[in-house]
Structure formats: C-alpha cells, structure tokens
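Structural characterization, general
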Amino acid sequence: MMETATPRNLAKQLLFLLLMVLGLLIILGLLLAPQAGAAEHRAQPDTTVFAVGDTSTCDEHLVQQAMRDYLPGREAEAIRRFGDFELAATDSLTGDVVVAGGDVVIAGKLQGTLLVVCGNITLTSTAQVTGDVVAVAGRVKRFAGSRIDGDQIEASPPAQRESKRERLREWNRRHRRFTTSVDMELRYTRVDGLYLGGLLPRKYYGAANVGMFGSAGYGFKARRWQYQAGLELYYGRDFRSILGGEVHDRTDSEDEWIIPAEENTLAALLIKEDFRDYYRRRGFNLYARQHFGEDIKLTAGYRRDDLLPLENRAVWSLFGGDKRFRPNPAIVPGRLVSYFSEFNWDGRDHQRAPRRGWFVQLMTEFSRPSLDSDYDFDRVILDLRSYLPTAYGRNLDLRLRAGSSRGELPAQFLFDLGGLSSLPGYRFKEFTGNRMLLANLEYRMNAGRSRLHDLPIVSELNLILFVDSGMTWFAGSGSSLADAFDDLTWNRLKTDVGVAITDNDGRVRLHFAKRTDRGYDDLVVTFRLNRNF
C-alpha cells in the first residue's frame, strides 16, 4: 500500500533524517577528529632552512641542461641552492629557484618557477607557486589547497636529442612564437555516435597579438562533419582586451554544467547512459572580452545561429544490453539572433578539485524578432560557489544556481533539475520550468588528516555529508525578469540528503542519496568521476 504524503508524515520523515545526519556527524566527528594539528605542523615548517647535502650523484651537466630546458634565457637570474630547501608558510620568495641534490618543501609563496634536479618536491596546503613546478629525476607531492599557476612537470633525465626537442618547444612556448599543437578529440553520444577529430586549444601569439582556437571532426553515426574556428585580436596581458569571432557547425548542449564531456562519453560507451541533451548550432558570433587580472573577465557579444533538431543515432554500448538510450528531446528549431554577456570571477585554488575560494558566473542573453530572430526571450543564469576550509581536513562547499527568463523560452533552453549534479535523490531531469532555483551543500571530511591516517586505504578517502534543495516552475510569458520569483512557494522545494565516499580530491565518488518528500522511494546510488560542483 502506497504511503500518503501528509504534512505530518513529511514532518516525521524530515525529523528522522535530521536526527540521522546529526548522529552521523557526532560519530564521524569523533573518528575523524584531527590529531591536535600534528600533521599540519609536519607539513608546514615554521622556519626557512638551507642545508647543504651531498650532490655527487647530481652532476653539473644535468643541472645546466635542466635549466636550459625549463628556464630558457633566465638561467643567470635564477636563485640556486644545493641540498634540502624549505620555504615556511609565513615567508615568500621572488624569483626562479633551482635546487640540486636535495628535497624541497614549499609552504609559503614563491613568485617564480621552482626547478628541482635529483630531488623531490612537497607542496603543503598553504603553498603557492606562481610559475612552473618541475622535478627532474624526482617526484612532486601536493597537499589539497596547494596552488600552482603554471605547469606541474615530472621528468626523467633527458637524453641530449630529447633535450633539444624539449628546449625548442619550451622556447616557443615561453616566447609565444607562431607554433601550433593539435590535440585529439574523441566523444561518444547518442546523436553523433563516435565523434573523432582534432582540437586546437586557445593560444595567444605575442608577435602578432593574435589568438586562435578551433576544432574539426566527424560524427560517424550522424554522418556529418563538425567544425569550430575562432580568431582573436588582443592587447595587453593581465588586463587583456580582446576582440574575437568564430564560425561553427557543431552539436551543442546546455548540460555542460551537469557532466563533463569525458565522463559522459564513458557513461554512453559503457552503460548506455547519455546525460546530455543536444541540438545542432550552425552560424557565427562576434564578441569583446575584457580581463581584469587573472581571475575576472567580462564578455559581451552578438550571435547569429540556426538551431536544428537532432535524433538518436547510436544504439551500441559495451555493457548496455537491451537497454535503449533516452530519446533526445525535441527543440523549437529556428534562427537565433541575440546579444549575450557573461561575467566570470574564478578565485578558486584549483579548477577541478578546489579546496578554497569563490566562483561566480553570470550569463545573460536576449533575442527579439526585431533582430531578425525567430525567438523572443530573455534569459539569465547565475552560478555562485564557495569553498571554505573549516578545520584541518574539513571543508564546507556551497553552490547556489538560479535561472530566470522572459517571453517564450524555447524548449532547448528550459531549466531542468533532478539526478546528476542537481538533486541526486530524484529521477534524472524530473523537473522542468522556465524558472529555476538550486542549492547544494557538502561537508567534506578527509580521513588522511584524522586519527585514521595510518590505515593504508582509508587514509586516501573523503567522507561527504550533503543536502540538496531546489525547484523549477513555469511563469507566464508576460512575466519580467524582475518578477521571476513572485510565484515561488517554499513548500514546493524538493530536497534530498545523503552521504558520499570519495577519493582524496573528491572527484571519484560513490553517492547514496534519499529524497525527503516521501518515504517509499529507494535509496539512489550514483558513481561519478567528477565533483558535482
């Protein structure tokens, strides 16, 4: 017999879940309590020490060769040290540092590149290196919270021929000469099947103040070539001003925030689950972008695209059996002519596994028939995230995501909630509307920084307690953006709670989620290869 979701039953279920979460917090708090910060003190030295060690196995030829490879043109200005080197959390150092024949611990801020030859590098949770971190004949170990603005490189002692090739590549990168490198791009979706192509990442060339990017490939089931080609003219460096444009004919999706392309490809290939919805975008856009330092940028532009529907083409997966892919939803096809803007502020210490910092993204777009567009709508999407360390090995992560619109929002731009990255206790895309509000809260506890740190496997895991709440709804087409939340009623919010076990970075994770609005639904178990946010 199905349980009736009366207010009294809902209150009892919510009270039970709150008590369960509180009990878990108390028990896990005792187990995962830090050991009086002992591990923190071991990872963060209080003084700067230069110790001379035996460098007989690290000859000068190898050091000079490594400096030519990774510090071209800057060898004479580099700060050289022999033996072990430590930079305290309260100290900072400006300039490139070369250490030979010793191990290095960085807890403070190094404004430059760190090159260690015949030694290991440890970056503590407070370390910040504004350049590259390079270990030749050594390893790099990073604690969560450490920050590297450049590249992290572990290299074996190179042969002379390899050194020349590496030196040329590094010289070209450092001096930003006109060189290109194309990456392979492979995707598998239910509308394209196997897509195989090349990807040119965005590159800037100082000689001509020109940047370029693009991609091209073929979808074998769709039997269609796809491409994207962009060109940018820029001025300045940290406060760079850019004028750019691109032409494209590609498969597009509004679901990048739900799941990355690589993880979605694995899901489609292995278990016949495609968690994105697609349409074809063919046209061009023009834009201007202004950078305000490293973290902030503002973009405004004009786009003119034909939006076309796509159907399911692929039917195969490795372990899907007789299961079928979800049908790709219908769209409202037509010509889209619109103006758009996007504000980004990314102050996180790491893009894919952040421990501290803020992320803010605000996207707006408006389209009118007077612009020769087949659509008449405005839309706004706000994504706000905060990552806050609360104690050693503990983190409180929060995301607020909201969307609103005016006019007749096409079906392909409607807001969906439910399942991955939104409300994991509910069915995938169970809720749809032209208004959306979502809040996600995660409390992460790292066993490696607790009394369990000596256990070989457990010490590499995180335990996460999470709660998610959100809703979508439809408002009349005559409602303005300012009236977006007039119809909001809090008793319509959908909420789930749960726990997750993850790896040290929090990316590989096993979720257990339970919706709170009714009691007869099963626990939802989800395996992910990326964080929810």
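Keep in mind the model is a prediction, meaning the values are calculated, not measured. (Residues numbered from 1 in each chain as written. Predicted model: local features only at pLDDT ≥ 70, side-chain atom pairs only at ≥ 80, totals over all residues. Heavy atoms only, no water.)

Notes on the overall build of the protein chain
- Counting its secondary structure elements, the protein chain contains 5 helices and 32 strands.
- By the burial criterion, 47% of the 533 residues in the protein chain qualify as buried.
- Taking the intrachain contacts of the protein chain between residues at least 6 apart in sequence as the baseline, contacts between residues at least 24 apart amount to 55%.
- Only carbon and sulfur atoms are counted for the fraction: they give 58% of the accessible area of the protein chain, which is about 26,600 Å². (Helix = DSSP H or I, 4+ residues; strand = E, 2+ residues; numbered from the N terminus. Buried < 20%, exposed > 50% of the residue type's maximum accessible area, 1.4 Å probe, protein only. Contact = heavy atoms within 4.5 Å. Areas by Shrake-Rupley, 256 points an atom, 1.4 Å probe, with all protein chains shown as cover.)

Here we look at the packing of aromatic side chains
- If you walk through the whole model with that rule in mind, you get 11 aromatic pairs.
- Plain terms: the ring middles of Phe275 and Phe428 are 5.3 Å apart, the flat faces sit at 80 degrees to each other, and that makes the pair edge-to-face. Of this pair, Phe275 sits in the loop between helix 5 (261–271) and strand 20 (279–292) while Phe428 sits in the loop between strand 26 (415–417) and strand 27 (431–433), and the two are 153 residues apart along the sequence.
- Phe275 gets classed as buried once you look at its relative accessible area, which sits at 16%.
- In this structure Phe428 comes out as partly exposed when scored by relative accessible area, which is 21%.
- Taken together through their ring pairs, the aromatic side chains of Tyr279, Tyr375, Phe377 and Phe413 make up a single cluster.
- The aromatic ring of Tyr195 is capped on one face by Arg187, whose charged end is 4.0 Å from the ring centroid. (Phe/Tyr/Trp six-rings, centres within 6.5 Å; stacked < 30°, edge-to-face > 60°. Lys NZ or Arg CZ within 6 Å of the ring centre and 35° of its normal.)

Observations concerning the side chain of Thr495
- You can see Thr495 is positioned in strand 30 (residues 494–502).
- Overall, the relative accessible area of 19% leaves Thr495 in the buried class.
- Contact partners of Thr495, with chain neighbours within four places excluded, come to Tyr426, Val467, Asp468, Ser469, Lys514, Arg515 and Thr516.

So, the sheet that holds strand 7 (residues 109–111)
- Across the sheet, 4 strands lie side by side as 4-7-10-13; this open sheet has parallel pairing. Lying at the two open borders of the sheet, with one neighbouring strand each, are strand 4 (92–94) and strand 13 (147–148).
- As paired elements, strand 4 and strand 7 share 3 bridges and run parallel to each other. Directly across from Leu93, in strand 7, lies its bridge partner Leu110. (Pairing = 2+ DSSP bridges.)

So, the nonpolar core
- If you look at the biggest cluster of nonpolar residues, it comprises 23 residues, and the most contacted ones within it are Leu307, Leu336, Phe377, Phe413, Leu417, Leu423 and Leu438.
- Counting residues per element, the ones that place at least two in this core are strand 24 (377–391), strand 26 and strand 28 (435–446).
- Ignoring any residue separated from it by four or fewer positions in sequence, one finds Leu307 in contact with Tyr279, Arg280, Arg281, Ile331, Pro333, Gly334, Leu336, Tyr375, Gln412 and Phe413.
- Listed in part, the 17 residues of the second largest apolar core include Val97, Val99, Val116 and Ile148. (Core = buried A, V, L, I, M, F, W, Y, C linked by side-chain atoms within 4.5 Å.)

A short note on the pattern of salt bridges
- Inspection of every chain in the model, using the stated rule, returns 42 salt bridges.
- With a shortest N-O distance of 4.0 Å, Arg147 and Glu294 are connected by a salt bridge. With Arg147 in strand 13 and Glu294 in the loop between strand 20 and strand 21 (296–308), this residue pair connects regions lying 147 residues apart in the sequence.
- Arg509 is the partner of Glu442 in a salt bridge, and the nearest nitrogen-oxygen pair spans 3.1 Å. On the criterion of sequence distance, the pair formed by Glu442 in strand 28 and Arg509 in strand 31 (residues 509–515) is long-range, its members being 67 residues apart.
- On the accessibility criterion, Arg509 (1% relative accessible area) is buried.
- A single network of salt bridges, built from pairs that share partners, joins Arg190, Asp255, Asp274, Asp277, Arg326, Asp416 and Lys429. (Salt bridge = Lys/Arg side-chain N within 4 Å of Asp/Glu carboxyl O.)

Here we look at the environment of Leu266
- By the secondary structure assignment, Leu266 is in helix 5.
- Accessibility expressed as a relative area gives 39% for Leu266, which makes it partly exposed.
- In contact with Leu266, other than residues within four places in its own chain, are Ile271 and Leu529.

What to know about the confidence of the model for the protein chain
- This prediction gives the protein chain a mean pLDDT of 84; 82% of its residues lie at or above 70.
- Segment residues 1–5: pLDDT under 50, and 8 contacts once partners within four positions in sequence are set aside and those in other chains are kept. (pLDDT = per-residue confidence, 0-100.)

Concerning the pairing of strand 24
- The sheet contact formed by strand 23 (residues 357–367) and strand 24 spans 11 bridges and is antiparallel. Counterpart to Phe359 in the pairing with strand 24 is Arg385.
- Count of turn residues in the strand 24/strand 25 (residues 394–407) antiparallel hairpin: 2 residues, of which Gly393 carries a positive phi of about 80 degrees.

Quick notes on helix 5
- Of all the residues in helix 5, the buried ones are Glu263, Asn264, Thr265, Ala267 and Ala268.
- Of the surrounding elements, those touching the buried residues of helix 5 are strand 15 (183–189) and strand 32 (524–528).
- Positive backbone phi, at 55 degrees, marks Lys272, one or two positions downstream of helix 5.

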